[in-house]
Amino acid sequence: MIKDESYWNYISIVSSSLESRMPRVKCKVLISGVSGMIGAVLTDILLFSNRTYGTQYNVIGLGRSKSHAEDMFDEYEKSDYFKFVQHDINQTIPEVGAVDYVIHAASNTHPVDYSGDPIGTITANVIGTNNLLEYAVSHGCRRFVFLSSVEIYGENKGDIERFDEIYNGYINCNTLRAGYPESKRTGEALCQAYGKKYNLDFVIPRLCRVYGPTMSLRDSKAIAQFIKNAANDDDIVLKSEGKQLYSYIDVFQAAYAVLFIMLNGENGNAYNISADSGEWYMRELADMAASHAGKKVVFDLPDEKEKAGFSTATKALLDNNKLKKLGWQECFECNEILDYTIDIVRKRIMLSLIHISEPTRLRCI
């Protein structure tokens, strides 16, 4: 993973915005999906805060791929504040001691995985969530944080401009694609059940569509494909007319919002995460990526496998007023991070092609 000066500058800005709200006592944070797009940035924010502001976060990261974690976190090879645990959350969580916070960020999050691994998509959000909730209850967890999604709202029925936290749209449950939003809904319901039965404190950040330099090069979401097209100096391929209107947010501000909710959210509440500067039509997004690369937008219909994983929603804007009332504010313009992401992904693709990355060793338990 490439973490250049600009990357750490973005981490510094969001960390400084959180600094006054962060406790200065020792806190152990268990993060599932730690080397994923959001999990990696959450980790960097917490450990940057340790180095800069004297916080004492100890991060235990769960992930399925040791090699991917080594690539993502090579700078923490000798850190006393980070340990990676190779584990599939569909299995009982291994013993890592008492934890103050659990952040459940592990999930399949893009169309190819929805259609290629539909069972794994569901189990991570249901069985994995249940396993982590069980661990939280039995190990004195102060707060459980379940990362949910704009997808739980389904399709806009035409009766609202933006989804607020109590809106319920339409989901056709008898489709392969429904496995992701339906299992996220079930994950949220599990949090409510554990809160009621065990008095477990929890919050639910609901994320809009997220992008950023830590994205997987396998990511098949439309915005990820546009970024990879631009990074490869290819024309931007649009697989629709581009009239869909969605909320987007970069990974730095998304992770900032997740931690803000963890530290300040009200027990049992869900909070929408979106950026006002990231409300884009699909065609507008394609044009921005094309402009950055000096290319043009071309149209290509998806094959059946791709189409099976696509969202059918044509308008999905999140109302983020509840989050703003907590005190959260945007730090950057989303198009700035889009341009930065294209540049970093270009470098990552070049490195992957010439195989110059050398393995490192993380302490793995």
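For the structure, check the block above.
Residues numbered from 1 in each chain as written. Predicted model: local features only at pLDDT ≥ 70, side-chain atom pairs only at ≥ 80, totals over all residues. Heavy atoms only, no water.

Colleague: When you look at the state of the cysteines in this model, what are you seeing that I'm missing?
Modeller: Any covalent bond linking the sulfur atoms of two cysteines counts as a disulfide. Applying the stated rule across the entire model yields 0 disulfides. Unpaired in terms of disulfides, Cys27 finds its nearest cysteine sulfur in Cys141, a separation of 11 Å. Judged by its relative accessible area of 2%, Cys27 falls in the buried class. Free cysteine: Cys141, not disulfide-bonded; nearest cysteine sulfur from Cys191 at 11 Å. Classification of Cys141 as buried rests on a relative accessible area of 11%. (Disulfide = S-S within 2.5 Å. Buried < 20%, exposed > 50% of the residue type's maximum accessible area, 1.4 Å probe, protein only.)

Colleague: Looking at this structure, how should I read the pattern of salt bridges?
Modeller: Oppositely charged side chains can form a pair if their charged atoms are brought close together. Across all of its chains, the model carries 16 salt bridges by this definition. Asp100 serves as the salt-bridge partner of Arg142, at 3.2 Å between the closest nitrogen and oxygen. Of the two residues, Arg142 sits in the loop between helix 5 (118-138) and strand 5 (143-146) while Asp100 sits in the loop between strand 3 (82-86) and strand 4 (101-104), which places them 42 residues apart along the sequence. Note on Arg142: relative accessible area 39%, which makes it partly exposed. Between Arg177 and Glu151 there is a salt bridge, with its nearest N and O atoms 2.7 Å apart. In this pair, Arg177 sits in the loop between strand 6 (148-149) and helix 6 (179-198) while Glu151 sits in the loop between strand 6 and helix 6, placing the two residues 26 residues apart along the sequence. Its relative accessible area of 15% is what places Glu151 among the buried residues. Among the ionic contacts, a cluster of salt bridges with common partners joins Lys3, Asp44 and Glu75. (Salt bridge = Lys/Arg side-chain N within 4 Å of Asp/Glu carboxyl O. Helix = DSSP H or I, 4+ residues; strand = E, 2+ residues; numbered from the N terminus.)

Colleague: Please clarify how the packing of aromatic side chains should be interpreted in this entry.
Modeller: Any aromatic ring pair is given by two values, namely how distant the centres are and how the planes are angled relative to each other. Counting across every chain of the model gives 17 aromatic pairs. Between Tyr256 and Phe260, the ring centres sit 6.1 Å apart and the planes meet at 85°, which makes this aromatic pair edge-to-face. With a gap of 4 residues between them, Tyr256 and Phe260 both fall in helix 8 (residues 251-264), about one helical turn apart. For the pair shown, Tyr256 and Phe260 are each scored as buried. The rings of Tyr7, Trp8, Tyr10, Phe48, Phe252, Phe332 and Tyr340 are connected pair by pair, giving a single aromatic cluster. The ring centre of Trp8 lies 5.4 Å from the NZ or CZ of Arg51, which sits over that ring. Stacked on the ring of Tyr246, the Lys or Arg Arg209 has its end atom at 3.6 Å from the ring centre. (Phe/Tyr/Trp six-rings, centres within 6.5 Å; stacked < 30°, edge-to-face > 60°. Lys NZ or Arg CZ within 6 Å of the ring centre and 35° of its normal.)

Colleague: What is the right way to look at helix 1 (residues 5-18) in this model?
Modeller: Helical geometry: 3.6 residues make up each α-helical turn, so side chains three or four residues apart lie on a common side. A rise of 1.5 Å per residue sets the reference length of helix 1, with its 14 residues, at 20 Å; its end C-alpha atoms lie 20 Å apart and thus fit the reference within 8%. All buried positions along helix 1 are accounted for by Tyr7, Tyr10, Ile11, Val14, Ser15 and Leu18. Taken end-on, helix 1 shows its buried residues confined to a sector of 130°, consistent with a single buried face. (Expected span 1.5 Å × (residues − 1). Arc of directions from axis to C-beta.)

Colleague: Just checking my understanding: could you explain unusual backbone geometry for this structure?
Modeller: Unusually for a residue other than glycine, Asn199 sits at a positive phi of about 60°. Assignment of secondary structure puts Asn199 in the loop between helix 6 and strand 7 (202-207). The class for Asn199 is exposed, based on a relative accessible area of 65%. Unlike most non-glycine residues, Asp233 shows phi in positive territory, near 60°. Structurally, the position occupied by Asp233 is in the loop between helix 7 (222-231) and strand 9 (236-238). Overall, the relative accessible area of 40% leaves Asp233 in the partly exposed class.

Colleague: I'm lost on the packing of helix 5 against helix 6 in this one. Help?
Modeller: When two helices pack together, their arrangement is given by the angle between the helix axes and by the axis-to-axis distance. Relative orientation of the contacting elements helix 5 and helix 6 amounts to 15°, with a least axis distance of 8 Å. Considering the angle they form, helix 5 stands roughly parallel to helix 6. Our pair here, helix 5 against helix 6, has a crossing hand that is right-handed. Contact residues: Thr121, Ile122, Asn125, Val126, Thr129, Asn130, Leu133, Glu134 and Val137 in helix 5; Gly179, Tyr180, Ser183, Lys184, Thr186, Gly187, Leu190, Cys191, Tyr194 and Tyr198 in helix 6. (Axes fitted to C-alpha atoms, helices over the stretch in contact; angles between N-to-C directions. Parallel < 35°, antiparallel > 145°, perpendicular 65-115°, else oblique. Left-handed = near helix turned anticlockwise from the far one by under 90°. Contact = heavy atoms within 4.5 Å.)

Colleague: How should I be thinking about the packing of helix 1 against helix 2 (residues 37-53) in this particular structure?
Modeller: Direction vectors running N to C along helix 1 and helix 2 enclose 70°, while the axes themselves pass 9 Å from each other. Accordingly, the angle class assigned to the pair helix 1 and helix 2 is roughly perpendicular. Facing helix 1, whose interface residues are Tyr7, Trp8, Ile11, Ser12, Val14, Ser15, Ser16 and Leu18, helix 2 presents Ala40, Val41, Asp44, Ile45, Phe48, Arg51 and Tyr53. Looking at the contact of helix 1 with helix 2 residue by residue, the classes come out as 10 nonpolar, 3 polar and 2 charged. (Nonpolar A, V, L, I, M, F, W, Y, C, P; charged D, E, K, R; others polar.)

Colleague: What should I look at first to understand the pairing of strand 1 (residues 26-32) in this one?
Modeller: Residues in a regular strand project their side chains so that they alternate between the two faces of the sheet. Among the 7 residues of strand 1, 5 are classified as buried, and the element is accordingly described as predominantly covered. The sheet contact formed by strand 1 and strand 2 (residues 56-63) spans 7 bridges and is parallel. Along strand 2, the bridge assignment pairs Lys26 with Gln56. The β-α-β motif built from strand 1, the intervening helix 2 and the parallel element strand 2 has right-handed crossover chirality. Of the strand pairs in this sheet, strand 1 and strand 4 are connected by 4 bridges, and their pairing is parallel. Across the sheet, residue Leu30 finds its bridge partner in strand 4, namely Val102. (Pairing = 2+ DSSP bridges. Right-handed = clockwise from strand over helix to strand, strands pointing away.)

Colleague: In this structure, what is going on with the side chain of Asn229? I would like to understand it.
Modeller: Assignment of secondary structure puts Asn229 in helix 7. Using a relative accessible area of 15% as the deciding quantity, one classes Asn229 as buried. In this structure, Asn229 is in contact with Asp234, Asp235, Ile236 and Val237, ignoring residues within four places of it in sequence.

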